[in-house]
Amino acid sequence: MSPATDRRIPRAPLPCSRRPAVAILAAALALAVPLAAAQDGTTALPTAEACSRIEIDAERLACYDAVHRRASDSPASADAAAIRAKETKATIAKYERLESDAFPEPDDERRVTSDLYSAEPVLASLEARIANAGKGSLLDSRWELARDSKLGIFNFRAYKPVYLLPAVWTDNPNELPTSSTPDAPPVSQSLKDTEAKFQLSFKTKAVENLFGDNGDIWMGYTQSSRWQVYNGGDASRPFRESNYEPEVLLVFRTGYSIGGWRGRMAAIGINHQSNGRADPLSRSWNRVMVNIGLDRDDWALTLRPWWRHAMQARRILSLDGGGIRGLVSCIWLGGVEDVLAQAGKPGLLKNFDLVSGSSTGAIIACGLGVGLSPDAMGELYKARRHEIFPGMTGRLWSRATRLFTAGPSAPRYDGKGLEKVLREVFGNTTFGQLPVPTVITAYDTLARKPVVFKSFHPEHRDLPVWEICRASTAAPTYFPAHGMTIGGRASSLIDGGIVANNPTACAIAEALRHDRQISHCGNLVVLSIGTGERNRPIPLQSAREWGALEWAVPIIDVLFDGNADSVDYIARQLVGDAYCRMQAELLVGLDDLDDTSATNIAALETLATGYLEQEATRGKLKALVARL
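Residues numbered from 1 in each chain as written. Predicted model: local features only at pLDDT ≥ 70, side-chain atom pairs only at ≥ 80, totals over all residues. Heavy atoms only, no water.

### Considerations on a nonpolar patch on the surface
Applied cut-off: Surface patches are drawn from residues lacking salt bridges whose relative accessible area is over 30%; two like charges belong together within 9 Å, two nonpolar side chains (Val, Leu, Ile, Met, Phe, Trp, Tyr) within 5 Å. What sets the accessible areas is the Shrake-Rupley method with a 1.4 Å probe; for residues, cover comes only from the shown protein chains. Here, a salt bridge means any side-chain nitrogen of Lys or Arg that lies within 4 Å of a carboxyl oxygen of Asp or Glu. The helix and strand labels rest on DSSP assignments: H or I over at least four residues marks a helix, E over at least two residues marks a strand, and numbering proceeds from the N terminus. Working definition: with a 1.4 Å probe on protein chains only, accessible area under 20% of the residue-type maximum means buried, over 50% means exposed, and in between means partly exposed.
Among the surface-exposed residues, I153, F154, M219 and V248 lie close enough to one another that they form a single nonpolar patch of about 340 Å² accessible area. You can see I153 is positioned in the loop between helix 8 (138–143) and strand 1 (157–158). By relative accessible area, which is 41% here, I153 ends up partly exposed.

### Side note on the pattern of salt bridges
Counting across every chain of the model gives 28 salt bridges. Of the charged contacts, one joins K160 and E247 as a salt bridge, the two residues approaching to 3.8 Å between their closest N and O atoms. Remark: E247 occurs in strand 5 (residues 239–258) and K160 occurs in the loop between strand 1 and strand 2 (163–169); sequence separation between them is 87 residues. For the residue pair K160 and E247, the accessibility class agrees, reading buried in each case.

### Description of the pairing of strand 16 (residues 525–529)
Convention followed: At least two DSSP bridges between two strands are required for those strands to pair.
Within strand 16, five of the five residues are buried, leaving the element largely enclosed by the surrounding structure. Residues V525, L527 and I529 line one face of strand 16 and the alternating positions V526 and S528 line the opposite face, and both faces are buried. The sheet contact formed by strand 10 (residues 315–319) and strand 16 spans five bridges and is parallel. Directly across from I316, in strand 16, lies its bridge partner V526. Relative to strand 17 (residues 579–582), strand 16 runs parallel, the two being bridged by four bridges. Counted as the bridge partner of S528 is R581 from strand 17.

### Looking at the side chain of R226
Just so we agree on the cut-off: For the charge count, each Lys or Arg is scored as positive and each Asp or Glu as negative, with His and the chain ends excluded. Residues adjacent in sequence count toward polar contacts only when both atoms are side-chain atoms; beyond that, a polar contact is any pair of N or O atoms within 3.5 Å, and within protein one must be able to donate a hydrogen and the other to accept it. Contact criterion: two residues are considered in contact whenever any of their non-hydrogen atoms come within 4.5 Å of each other.
Inspection of the secondary structure assignment puts R226 in strand 4 (residues 216–227). No salt bridge is formed by the buried R226. Its closest oppositely charged neighbour is E195, at 5.3 Å. A distance of 2.8 Å separates a polar atom in the side chain of R226 from a polar atom in the side chain of S224. Contact partners of R226, with chain neighbours within four places excluded, come to E195, A196, K197, F239, R240, E241 and N243.

### Considerations on the nonpolar core
Short version of the rule: By convention a nonpolar core is built from buried Ala, Val, Leu, Ile, Met, Phe, Trp, Tyr and Cys residues, the set being connected through side-chain atoms within 4.5 Å.
Counting 87 residues, the largest nonpolar core has L317, W332, F453, L527 and M582 as its most contacted members. The greatest single-element share of this core, amounting to nine residues, is contributed by helix 9 (residues 326–342). Core analysis: the next-biggest nonpolar cluster, separate from the first, contains nine residues, W143, W218, L249 and M265 among them.

### Points about the state of the cysteines
Counted only if it meets this: In this description, the term disulfide denotes a pair of cysteine sulfurs within 2.5 Å.
For the coordinates displayed, the defined rule picks out one disulfide. Two residues share a disulfide in this structure: C51 and C63, whose sulfurs sit 1.7 Å from each other. Its S-S torsion of about -75° marks the bond between C51 and C63 as left-handed, since a negative value means left-handed. Here C51 is found in helix 3 (residues 48–52), whereas its partner C63 is found in helix 4 (residues 57–67), with 12 residues between them in sequence. The same class applies to C51 as to C63, namely buried.

### Quick notes on the packing of helix 16 (residues 504–514) against helix 19 (residues 554–575)
For clarity, the threshold we go by: An axis is simply a line fitted to the C-alpha atoms; with a helix, the fit covers only the stretch in contact. Between two such axes, the angle follows the N-to-C directions and lies from 0 to 180 degrees. In this classification, the charged set is Asp, Glu, Lys and Arg, the nonpolar set is Ala, Val, Leu, Ile, Met, Phe, Trp, Tyr, Cys and Pro, and all remaining amino acids, among them Gly, are polar.
It is at 9 Å that the axes of helix 16 and helix 19 come closest, and there the two elements cross at 35°. Facing T504, A505 and I508 of helix 16, the residues of helix 19 in contact are V567, A571 and V575. Classifying every residue of the contact of helix 16 with helix 19 gives five nonpolar, one polar and no charged.

### So, helix 11 (residues 374–388)
Note the threshold: The bend reported for a residue corresponds to the angle between axes fitted to the seven residues ending at that residue and the seven starting there.
The sharpest bend along helix 11 measures roughly 40° and falls at K382. Listing the buried residues of helix 11 in full gives P374, M377, G378, L380, Y381, R384, R385 and I388. In this structure, the buried side of helix 11 is in contact with helix 9, helix 10 (360–369), helix 13 (416–426) and helix 20 (598–613).

### Description of the environment of N501
For N501, the position within the fold is in the loop between helix 15 (497–500) and helix 16. Excluding residues that lie within four positions of it along the chain, N501 makes contacts with L319, D320, G321, S358, G496, F560, N563 and A564.

### A word on the packing of aromatic side chains
Quick reminder of the rule: Working definition: a ring pair exists when centres of Phe, Tyr or Trp rings (six-membered ring for Trp) sit within 6.5 Å. Plane angles under 30 degrees give stacked, over 60 give edge-to-face, the rest tilted. Criterion for a charge above a ring: Lys NZ or Arg CZ within 6 Å of the ring centre, and within 35 degrees of the ring normal.
Considering all chains together, one arrives at 11 aromatic pairs under this definition. Geometrically, the ring pair formed by F198 and F239 is edge-to-face, given 6.1 Å between the ring centres and 85° between the ring planes. Here the residue F198 occupies a position in strand 3 (residues 194–207), and F239 occupies one in strand 5, the gap between them amounting to 41 residues. Residue classification places F198 among the buried residues on the basis of a relative accessible area of 18%. Following the ring pairs from residue to residue traces out a cluster consisting of W143, Y159 and W218. Above the face of the W143 ring, K203 is positioned so that its terminal group lies 4.5 Å from the ring centre. Residue placement shows R287 over the ring face of W306; its charged tip is 4.7 Å from the ring centre.

### Section: the confidence of the model for the protein
The test is simple: For every residue, the predictor assigns a confidence score, pLDDT, that lies between 0 and 100.
With 82% of its residues at a pLDDT of at least 70, the protein reaches an overall mean of 82. The model gives residues 1–42 a pLDDT under 50, and that stretch makes 42 contacts with residues more than four places away or in other chains.

### Re helix 20
Filter applied, for reference: Expected span of a helix: the number of residues minus one, times 1.5 Å. In this context, the arc is that of the directions from the helix axis out to the C-beta atoms.
With 16 residues, helix 20 should cover 22 Å at 1.5 Å per step; its first-to-last C-alpha distance of 23 Å lies within 8% of that length. Those residues of helix 20 that sit buried are N600, I601, A603, L604, L607, A608, Y611 and L612. Along helix 20, the residues classed as buried sweep out an arc of 165° about the axis, all on the same side. The exposed residues of helix 20 that point more than 90 degrees off its buried face are A598, T599, T606 and E613. In the core, the buried residues of helix 20 are packed alongside helix 9, helix 11, strand 17 and helix 21 (615–627).

### So, unusual backbone geometry
Unusually for a residue other than glycine, N209 sits at a positive phi of about 55°. For T477, which is not glycine, the phi dihedral falls at a positive 75°. With respect to the helices and strands, the residue T477 is situated in the loop between helix 14 (465–472) and strand 14 (482–486).

### Considerations on the environment of N132
Structurally, N132 is set in the loop between helix 7 (121–131) and helix 8. Judged by relative accessible area, N132 falls into the buried class, the value being 11%. Distance in space between the C-alpha atoms of N132 and G255 is 9.9 Å, their sequence separation being 123 residues. Reaching out from N132, the side chain makes a polar contact with the backbone nitrogen of R147 at a distance of 3.2 Å.

So this is what it looks like as structure tokens:
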């Protein structure tokens, strides 16, 4: 009789005699697990009294098992029990489906297998046997994978090998390590070719059974040290290198088989390695680790593929210095943002991996980083320009108040208005909080060397953004130098334009250093934004006759323009067609860094919008956006 015909026959309640038959069958399937055979031993056994003095729960339980000659199941028997439990569950599920097909309704007339087992301890027992697969295996003993192997949290256990090697010989010790950081000179070291080496490593479980009876979070720590113990004399037997490796792993129990090997575990985690040193000796990186554990008899195999997180820096945005002419940069950036939106790539910073800025470009770069749009930055320049560059009355009063402290040749502005604006715009934001890696330039007059602030550098991450911008905008003769402490060293910082008014070359250097996917400059895409190009000539006679007093102010502008143009030439040759430079000639007489008059502001806006409307500019931007 077909199932369809059977459904048309009026049904009576299932006879009671059928329930015991199903129950006996399912019970037989559920309990089909062989008993472990007792093991005979000839070695002396501990006493129960001795076991009671053991403090560790797992070891005390094992001791009692030994006293009473209760042998634990082998991994093979645990695997076999798990397989039979899975088969039993599948059979029970099959009978439930058959009952459901034969007797679809009402529920109280068809509950035979499900009544007996869905809420009974039998199913729980089956789940437990499945979860105990591999109990006692090598990987289970190290990672507590089986359900009954769990020992709780924060029990310290060995992790990687712990060892001491009294002597390790190196044929070519590096006595002059270097760094790719431009402001980190090599440091000479006096090293012996023979040293001692040791390693300490441990792990502990922080969270247990994150997902039901599976999924544990482990924390590990490994320290490996190289000790110049045979290096006496002036070196005083130093530790040449100590590598610190904390990590966090999410570990899961697995139960597959491949080629005779049993897959026991899978884990994913984050690993950090660092030697805790400053440049040029600093070495550190972060990695995403994957652990795959398999075993077979007395062998265990662990595969640990990993991916190193490296900063991406293929797409670069570089912003020139130029005082109030930063308004031009803001308008041009707004035009770039519009073209990006039209191409389906909204968000200016979302399309760049690295941002660099000098002087006023530093303010714009950091302003974009804290979420201000190019239009908002442009309005900021127009609305707060008189606070940053006070008019004649404000300058005279400032000079009078600084006459006895700074002398008659003090900078044109006292910098208080600039600092006020920067503090209000950036607040307590630190450099490392900027969402896109950012590079800002300045010059240290104490060390007499450039300073390249990097938001991803450990010594720079916690520095206030407003202070970095204040340092990068301290143009000589315009604003006083800004004092800061960087890495425990006092610094006297002046305008980044002294180093690179066009910071594109600095950004390219950082990109090549940090992004391993970039093999040469031709892989880069660079947008370099100028602030307008000066064209006011200095006649030959003036250039011949001027002395220190006459050159005092013009020389700053000459230096800024000269290095910006030279960097433009270098970047164009290095990057090629993927280099886009936005720059236009300023109107004669309207090119000062601090001209905040309404006439100059209108002229800058006209220049910037007119440049964006040019056909050549539109074509240039479309080509750029296609590469981003």
